[in-house]
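What follows is each chain in one-letter form.
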Amino acid sequence: MIQVLVVEDDPVAADAHRLYVGRVPGFTVAAVARSRAEAVRALDRTPVDLLLLDLYLPDGHGLQLLRSLRAAGHSADVIAVTSARDLAVVREGVSLGVVQYVLKPFTFATLRDRLVRYAEFRAAAGEASGQDEVDRALGVLRAPQPARLPKGLSSPTLEAVTRALRAAPDGVTASVAGEELGISRITARRYLEHLVTVGRAVRSPQYGQIGRPELYYRWVTQHR
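About the thresholds
Along each chain, the written sequence defines residue order, and numbers are assigned to residues from 1. Per-residue local features are limited, in this predicted model, to residues with pLDDT of at least 70; the limit for side-chain atom pairs, both in listing and counting, is 80 or more; totals at the level of whole chains, interfaces and linings are taken over all residues. No hydrogens and no water enter the side-chain calculation; it runs on all heavy atoms of the structure. What counts as an axis is a line fitted to C-alpha atoms, over the stretch in contact for a helix, and the angles between N-to-C directions run from 0 to 180 degrees. Only DSSP runs of H or I with at least four residues qualify as helices, and only runs of E with at least two residues qualify as strands; both kinds are numbered from the N terminus onward. Geometric relationships in this document are graded by angle, where less than 35 degrees denotes roughly parallel, more than 145 denotes roughly antiparallel, 65 to 115 denotes roughly perpendicular, and other angles denote oblique. Working rule for handedness: look at the near helix, and if it is turned counterclockwise from the far one by less than a right angle, call the crossing left-handed; if clockwise, right-handed. Any two residues having at least one pair of non-hydrogen atoms within 4.5 Å are treated as being in contact. Only Phe, Tyr and Trp rings take part, Trp by its six-membered ring, and two of them pair if their centres are within 6.5 Å. Stacked means planes under 30 degrees apart, edge-to-face means over 60, and tilted covers everything else. Categorising residues by exposure relies on relative accessible area from a 1.4 Å probe, with only protein chains included: less than 20% of the type maximum marks a residue as buried, more than 50% marks it as exposed, and the intermediate range marks it as partly exposed. Any two strands with at least two DSSP-identified bridges between them are counted as paired. Looking down the strands as they point away from you, a crossover is right-handed if its path from the first strand over the helix to the second goes clockwise. Only buried Ala, Val, Leu, Ile, Met, Phe, Trp, Tyr and Cys residues count toward a nonpolar core, and they belong to the same one when joined by side-chain atoms within 4.5 Å. The rule for a salt bridge is simple: a side-chain nitrogen of Lys or Arg has to be within 4 Å of a carboxyl oxygen of Asp or Glu.

Caption draft 1: Here's a closer look at the packing of helix α2 (residues 36–45) against helix α3 (residues 62–71). Where α2 meets α3, the closest approach of the two axes is 10 Å, and the angle between their N-to-C directions is 30°. Taken as axis vectors, α2 and α3 run roughly parallel relative to one another. Between α2 and α3 lies a crossing whose hand is right-handed. Here R36, A39, V40 and L43 of α2 come into contact with α3, specifically with Q64, L65, S68 and L69.

Have a look at this one:
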């Protein structure tokens, strides 16, 4: 079994990532850390093969954690799970042993694809017969398949709903999101519920002036 340390400060996202990893055969979660300090303590107690690492932690950047781990002799591989899109950060991460980047928000299928490819990469053994075999081994990590959204959902609309949700610190209803984006309330609600399912949003009822509750959706990682 490939032992995984989940490093994520958001409790909803941490639980989602832990559940996702546990659903992939061959992987198990050794521990969950909510901060850089917790991650260091967890690694001192439990050896792991792979870190599922959020880059924005309350007590320091994830790459700062990774630098200190390398200096201390920890050699675990890393899959960065983040909303950061700065390519300079990506390049630095690669130099420190980040083997994959997964951009938030993502589906279980996206993470499963990365984990399966990582397992295939780890399973390669022996001596390569030539350049082609080396290229194939590295290509397992570098050529992921596009993740499939649930039937009826599209990536451009999901991105638009995500942007609208992140821009609303007090949350939005499906009606408000639909009106803002020019889609129906039912369609907006399907996308919002998808974001809840993948751990990127939470829903809660709020009572209006007429006494009937409305569901409000809020982005769970607005500090990202």
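From this point, things continue past the structure.
Caption draft 2: Structural context of the packing of aromatic side chains. Scanning the entire structure with this criterion turns up two aromatic pairs. Between Y20 and F106 the ring centres are 6.2 Å apart and the planes differ by 65°, which places this aromatic pair in the edge-to-face class. Separated by 86 residues along the polypeptide, Y20 in helix α1 (residues 11–22) and F106 in the loop between β7 (98–103) and α5 (108–123) bring together distant segments of the chain. With respect to class, Y20 is no different from F106; both count as buried. When the ring of Y20 is compared with that of F108, the centres are 5.5 Å apart and the planes differ by 55°; the resulting orientation is tilted. Separated by 88 residues along the polypeptide, Y20 in helix α1 and F108 in helix α5 bring together distant segments of the chain. The same class applies to Y20 as to F108, namely buried.

Caption draft 3: The pairing of strand β1 (residues 2–7), seen in detail. In terms of burial, β1 is largely enclosed, as five of its six residues are buried. Where β1 lies against strand β2 (residues 27–33), six bridges are found, and the strand directions are parallel. Within β2, the position partnered with V7 by the bridge is A33. At this point the chain moves from β1, through α1, to the parallel β2, and the crossover so formed is right-handed. As judged from the four bridges shared by β1 and strand β3 (residues 50–54), these two strands associate in the parallel manner.

Caption draft 4: Representation of the environment of L149 in the model. Within the fold, L149 resides in the loop between α6 (131–142) and α7 (155–166). Judged by relative accessible area, L149 falls into the partly exposed class, the value being 23%. Sequence-wise, L149 and T110 are 39 residues apart; in three dimensions their C-alpha atoms are separated by 9.3 Å. Excluding residues within four positions of it along the chain, L149 makes contact with T107, S154, S155, L158 and H194.

Caption draft 5: Quick peek at the nonpolar core. Formed by 23 residues in total, the largest nonpolar core has its most connected members in L5, V7, L51, L53, L55 and L65. Breaking this core down by element, the ones donating at least two residues are β1, β2, α2, β3, α3, β6 (77–82) and β7. The greatest single-element share of this core, amounting to four residues, is contributed by α3. Excluding its chain neighbours within four sequence positions, the residues that come into contact with L65 are V7, R36, A39, V40, L53 and L57.

Caption draft 6: Inspection of the pattern of salt bridges at higher detail. Evaluated as defined, the whole model comprises eight salt bridges. One salt bridge connects D15 with R18, and the closest N-O pair in it is separated by 3.9 Å. Residue D15 and its partner R18 are located together in helix α1, separated by three residues, close to a single helical turn. A residue is classified by how much of its surface remains accessible, and D15, at 35% relative accessible area, is partly exposed. For R18, a relative accessible area of 35% translates into the label partly exposed. Two residues, R34 and D15, come together in a salt bridge whose shortest N-O distance is 4.0 Å. Here R34, found in the loop between β2 and α2, pairs with D15, found in helix α1; they are 19 residues apart in sequence, far enough to count as distant. Using a relative accessible area of 31% as the deciding quantity, one classes R34 as partly exposed. Connected via shared salt-bridge partners are E8, D54 and K104.

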